[in-house]
Amino acid sequence: MSLHHTTRHAIHPADFKGYDTAKLREHFLIENLFQADTIQLTYTLYDRLIVGGVHPVNGPVRLDTFPTLRSENFLDRREIGIINVSSDSTITVDGEEIILKNKEALYIGKGVQEVLFHPAPNGADTRFYFNSAPAHHAYPTKKVQLSEAETVELGSLETANARTIRKVLINSVVETCQLQMGITELKTGSVWNTMPAHTHDRRMEAYFYFEVPEDQTVCHFLGEPQETRHIWMQNQQAVLSPPWSIHSGTGTSNYTFIWGMAGENLDYNDMDKVATTDLK
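Residues numbered from 1 in each chain as written. Predicted model: local features only at pLDDT ≥ 70, side-chain atom pairs only at ≥ 80, totals over all residues. Heavy atoms only, no water.

Caption draft 1: Summary view of the nonpolar core. In terms of nonpolar packing, the biggest core is built from 52 residues, with Phe28, Val51, Tyr129, Phe208, Tyr209 and Ile258 touching the most fellow members. Considering each element in turn, this core owes the most residues, six residues, to strand β18 (residues 203–210). When residues no more than four places from it in sequence are discounted, the contact partners of tyrosine 129 are Leu33, Val51, Gly52, Gly81, Ile82, Ile83, Val85, Met181, Ala206, Phe208, Ala238 and Ile258. Counting 25 residues, the second largest nonpolar core, distinct from the first, contains Leu3, Leu75, Ile80 and Val115. (Core = buried A, V, L, I, M, F, W, Y, C linked by side-chain atoms within 4.5 Å. Buried < 20%, exposed > 50% of the residue type's maximum accessible area, 1.4 Å probe, protein only. Helix = DSSP H or I, 4+ residues; strand = E, 2+ residues; numbered from the N terminus. Contact = heavy atoms within 4.5 Å.)

Okay, structure coming up:
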């Protein structure tokens, strides 16, 4: 089986306060998402979200189940959102071939039996990032092009947070049970994301940073608004954000990231905002 998985347990905010750098990285940072011809995934106890990466090189890679799920197929009780973060390539869903271009998204609902990730036909680098959440209803497979995303421009160059948010897998674009995903691109000269910050007790979140230029880095902030910590991150790494935590970051250059959420509701605007002057 070409699948490697780890499990991350939920952390109480009172325990979080005492974590040193090594422990923060151990519990929240996901470093090695892409290994050749392998699915690398992290099963989290935050709303049972799965964070994963697929890097097909020599042939198709199948989305297999694994013992923690106790299911015959990966999607027997789950839904999945996939975003292509590299060259144009193909995903086969129960025999149907679907071409995904760079940054296009694919939603696959509960009950699908076989998902195959194919390497690009021209031998180009091929990488898919995905989030998966438990599902109670079977919604149809749907591809979402960037032109179909709900797109919002936020921030400004004056506050170094001018960014384009593309909501690709949310309920105004595609029907899902609880999974939501989107892509945020920082404009040249801007480095801050999700600032002013917020929390949302009804949903957890995961960030995947990519298109971070060589020799550059991103500093991701997490923790309760009055008890924040930070993790330095490199290109193509992910980080988990508990419901009680802010999720914000700044880079040494502009970059792109994918956000994914799962939890109590599908209300994108359900958030508790935190003033920048109140952060500690």
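Caption draft 2: Molecular detail of the packing of aromatic side chains. Taken as a whole and assessed by the stated rule, the structure comprises 15 aromatic pairs. Centre to centre, the rings of tyrosine 207 and tyrosine 209 are 6.0 Å apart; their planes meet at 75°, and the pair counts as edge-to-face. Each member of the pair tyrosine 207 and tyrosine 209 is classed as buried. When the ring of tyrosine 209 is compared with that of phenylalanine 257, the centres are 5.6 Å apart and the planes differ by 40°; the resulting orientation is tilted. Here the residue tyrosine 209 occupies a position in strand β18, and phenylalanine 257 occupies one in strand β23 (residues 256–263), the gap between them amounting to 48 residues. One aromatic cluster in this structure is built from Phe16, Tyr19, Phe28 and Trp244. (Phe/Tyr/Trp six-rings, centres within 6.5 Å; stacked < 30°, edge-to-face > 60°.)

Caption draft 3: Examining the side chain of glutamate 205 more closely. As for its position among the elements, glutamate 205 is in strand β18. Buried within the structure, glutamate 205 lacks any salt-bridge partner; its nearest side chain of opposite charge belongs to arginine 203, at an N-O separation of 6.1 Å. Engagement of the side chain of glutamate 205 in a polar contact is seen with the side chain of histidine 247, the distance being 3.0 Å. (Lys, Arg positive; Asp, Glu negative; His and termini not counted. Salt bridge = Lys/Arg side-chain N within 4 Å of Asp/Glu carboxyl O. Polar contact = N/O pair within 3.5 Å; in protein donor to acceptor, adjacent residues only side chain to side chain.)

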